[in-house]
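# Fold and geometry: a report
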Amino acid sequence: MSKRIHFNDVVTRDGFQIEPEFIPTDAKVRLVDALGDCGYAKIEVTSFTSPKAIPMLRDAEEVMGRIRRVPGVEYTVLVPNLRGAERAMESRADELNLVMSTSETHNLANLRMPREKSFAALSEVIRVVDGRTPVNVSLSTCFGCPMEGDVPQAEVLAWGQRFADQGVRGLTICDTTGMAHPAHVARMCEALQQRFPALQLTLHFHNTRGMGLANVLAAVQSGITRFDGSLGGLGGCPYAPGASGNISSEDAIHMLEAMGYDTGIDMARLLQVARMLPAIVGHEVPGQVAKAGPTSQLHPAPPAVAELRAAFS
Ligand code: COA
Ligand code: ZN
């Protein structure tokens, strides 16, 4: 049997949070519902952050209240503090995805507090949640900070360890602004799997410098089986200078399926949903397979080919 890869689509959270025009609640709900029928393991629906920090997602309660929950799909949400966790639990999120940065500068820019203060706040969340809802932790800027530069691997492992010690179910290792390259990814993935064999390890890449799919490949070849992707390749952190889109879910899934991995995704249906995106956001999106069609979709040969065949036979 081919190896199972689990995808989490973050388009309505990471994808939308950087869009300049407010996307109506109806469109968000319709998109989550359409993604729910595509075979995803997880969908990151929204974030319970301050509406001043992320105005796009100020309708988080309403979106969570109105989506149709497909059995077998986990509906997760991003949470920066206890207030966010309370809102998320109230909204019956299947998982809390806590967030902090491994870079002090990015943590100050994004979450308006030092890392230690975020860590204390998130530890308090884990204590209060007390196992009622599974907790994942997303660590930002693990492959480099756009303001500080290098983030040592030891730093990433140390923050991961502090959360592992509190019993979280998983860690998401984020390349917030596309600074990772495949050799770096392979080293990181090997170290992570060695240090945290019992945790769900997810890799979260941005395609800011065109290395997104190469990084997915490096991670998969190192044994990683969980990825975040954003439909259409939308996305980015509004508080990370130079941020741009995540890896496109459909491009990554198409690549892995072509290589023989089992993503559980209905590609035809996923591409139909991806093609709805430009109308929803009002501009073209970076994803390529939705434009080109999958490799299985062939084109008729031009008429001259039949004549040439006859002439050369
Ligand atoms: N949900 C809703 N409102 C929240 C909130 C939450 N989780 N956390 C804080 N607030 C509100 C407070 O009630 C307060 O409102 P008021 O001004 O009307 O009184 C305001 O936000 C400021 O609260 P404070 O605790 O002082 O937060 P802050 O200004 O230091 O900001 C964060 C800290 C973490 C809440 C904010 O920076 C944030 O939400 N960041 C998210 C960034 C993000 O999602 N980035 C992209 C993903 S990586
Ligand atoms: Zn991201």
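Description of the structure in this document. Remember, predicted model here, so these are calculated numbers, not experimental data.

### So, helix α7 (residues 153-164)
Taking 1.5 Å per residue as the helical rise, α7 with its 12 residues ought to reach 16 Å, and the 16 Å between its terminal C-alpha atoms agrees with that figure. Buried-residue contacts for α7 involve β4 (95-101), α6 (115-129), β5 (135-140), β6 (170-175) and α8 (182-195).

### Looking at the nonpolar core
Grouped together as the largest cluster of nonpolar side chains are 93 residues, with contacts concentrated most on Tyr40, Leu96, Phe163, Ile173, Phe205, Phe227 and Leu231. Ranked by residue count, the leading element in this core is helix α2 (residues 25-36), at 6 residues. Apart from the residues within four sequence positions on either side, Phe163 is in contact with Met100, Phe119, Leu122, Ile126, Val137, Leu139, Val168 and Leu171.

### With respect to the sheet that holds strand β8 (residues 226-229)
Backbone-to-backbone hydrogen bonds pair the strands of a sheet. The strands run either parallel or antiparallel. Here 8 strands make up a closed barrel; going around it, the order is β1-β2-β3-β4-β5-β6-β7-β8 and the pairing parallel. Across the sheet, the mean angle separating the axes of adjacent strands is 25° when strand polarity is ignored. One ladder, built from 6 bridges, connects β6 with strand β7 (residues 200-205); its direction is parallel. Bridging from a neighbouring strand, Gly170 pairs with Gln200 of β7. Sitting on the sheet, α2 touches β1 (6-9), β2 (42-47) and β3 (74-79), and the angle it makes with β2 is about 165°. Here α8 sits on the sheet in contact with β6 and β7, set at roughly 160° to β7.

### Overview of the pairing of β8
Across 4 bridges, the pairing between β1 and β8 is parallel. Each residue of the ladder has a partner; that of His6, found in β8, is Arg226. Both β7 and β8 contribute to a ladder of 3 bridges, which runs parallel. Bridge assignment links His204 to a residue of β8, and that residue is Asp228.

### Thoughts on the coordination of the zinc ion (ligand 2)
Between any two of four tetrahedral donors, the ideal angle at the metal is 109.5 degrees; between two of six octahedral donors, it is 90 or 180 degrees. Coordination sphere of the zinc ion (ligand 2), protein contribution only: Asp14 (OD), His204 (NE2) and His206 (NE2), at 2.0 to 2.1 Å. In the primary sequence, the donor residues of the zinc ion (ligand 2) line up as D-x189-H-x1-H. Taken together, the residues span a long stretch of sequence, with Asp14 in helix α1 (residues 11-17) and His206 in the loop between β7 and α9 (212-221) at a distance of 192 residues.

### Section: the pattern of salt bridges
If you walk through the whole model with that rule in mind, you get 15 salt bridges. Between Asp14 and Arg13 there is a salt bridge, with the nearest N and O atoms lying 3.8 Å from each other. Accessibility classification places Asp14 together with Arg13 in one group, the buried group. Among the charged side chains, a network of salt bridges with common partners joins Lys42, Glu74, Glu95 and Arg169.

### A short note on empty space enclosed by the protein
Under the criterion given, the structure shown has 1 cavity of 30 Å³ or more. Of the voids in this model, the largest cavity is the one considered here, and its volume is about 30 Å³. In terms of lining residues, the largest cavity is bounded by Asn8, Lys42, Glu44, Thr76, Glu95, Asn97, Asn136, Thr172, Thr202 and Asp228. Per-class residue counts for the lining of the largest cavity are no nonpolar, 6 polar and 4 charged.

### Side note on the site of ligand 1
The immediate surroundings of ligand 1 are formed by 18 residues, with Ser50, Lys52, Asn81, Arg87 and Asn110 found nearest. Within the side chain of Asn110, a nitrogen or oxygen atom sits 2.8 Å from a nitrogen atom of ligand 1. Burial of ligand 1 by the protein amounts to 69% of the accessible area it has alone, namely 930 Å². Secondary-structure elements contributing two or more residues to the shell around ligand 1 are α1, α4 (82-90) and α5 (104-111). It is α4 that provides the largest number of residues to the shell around ligand 1, a total of 3 residues. Across the shell around ligand 1, the residue classes break down as 7 nonpolar, 6 polar and 5 charged.

### Quick notes on the pairing of β1
Judged from the 2 bridges that link them, β1 and β2 form a sheet pairing that is parallel. Paired with Asp9 across the strands is Ile43, a residue of β2.

Calculation rules
- Residues numbered from 1 in each chain as written.
- Chains lettered and ligands numbered in written order.
- Predicted model: local features only at pLDDT ≥ 70, side-chain atom pairs only at ≥ 80, totals over all residues.
- Heavy atoms only, no water.
- Helix = DSSP H or I, 4+ residues; strand = E, 2+ residues; numbered from the N terminus.
- Expected span 1.5 Å × (residues − 1).
- Contact = heavy atoms within 4.5 Å.
- Core = buried A, V, L, I, M, F, W, Y, C linked by side-chain atoms within 4.5 Å.
- Buried < 20%, exposed > 50% of the residue type's maximum accessible area, 1.4 Å probe, protein only.
- Pairing = 2+ DSSP bridges.
- Axes fitted to C-alpha atoms, helices over the stretch in contact; angles between N-to-C directions.
- Donors = N, O, S within 2.8 Å, 3.2 Å for Na, K, Ca; no water.
- Salt bridge = Lys/Arg side-chain N within 4 Å of Asp/Glu carboxyl O.
- 1 Å grid on protein atoms, 1.4 Å probe; cavity = no way out; pocket = protein on both sides within 12 Å on 5 of 7 lines; lining within 4 Å.
- Points joined across faces, edges and corners; volume = space filled by probe spheres on them.
- Nonpolar A, V, L, I, M, F, W, Y, C, P; charged D, E, K, R; others polar.
- Near = heavy atom within 4 Å.
- Polar contact = N/O pair within 3.5 Å; in protein donor to acceptor, adjacent residues only side chain to side chain.
- Areas by Shrake-Rupley, 256 points an atom, 1.4 Å probe, with all protein chains shown as cover.

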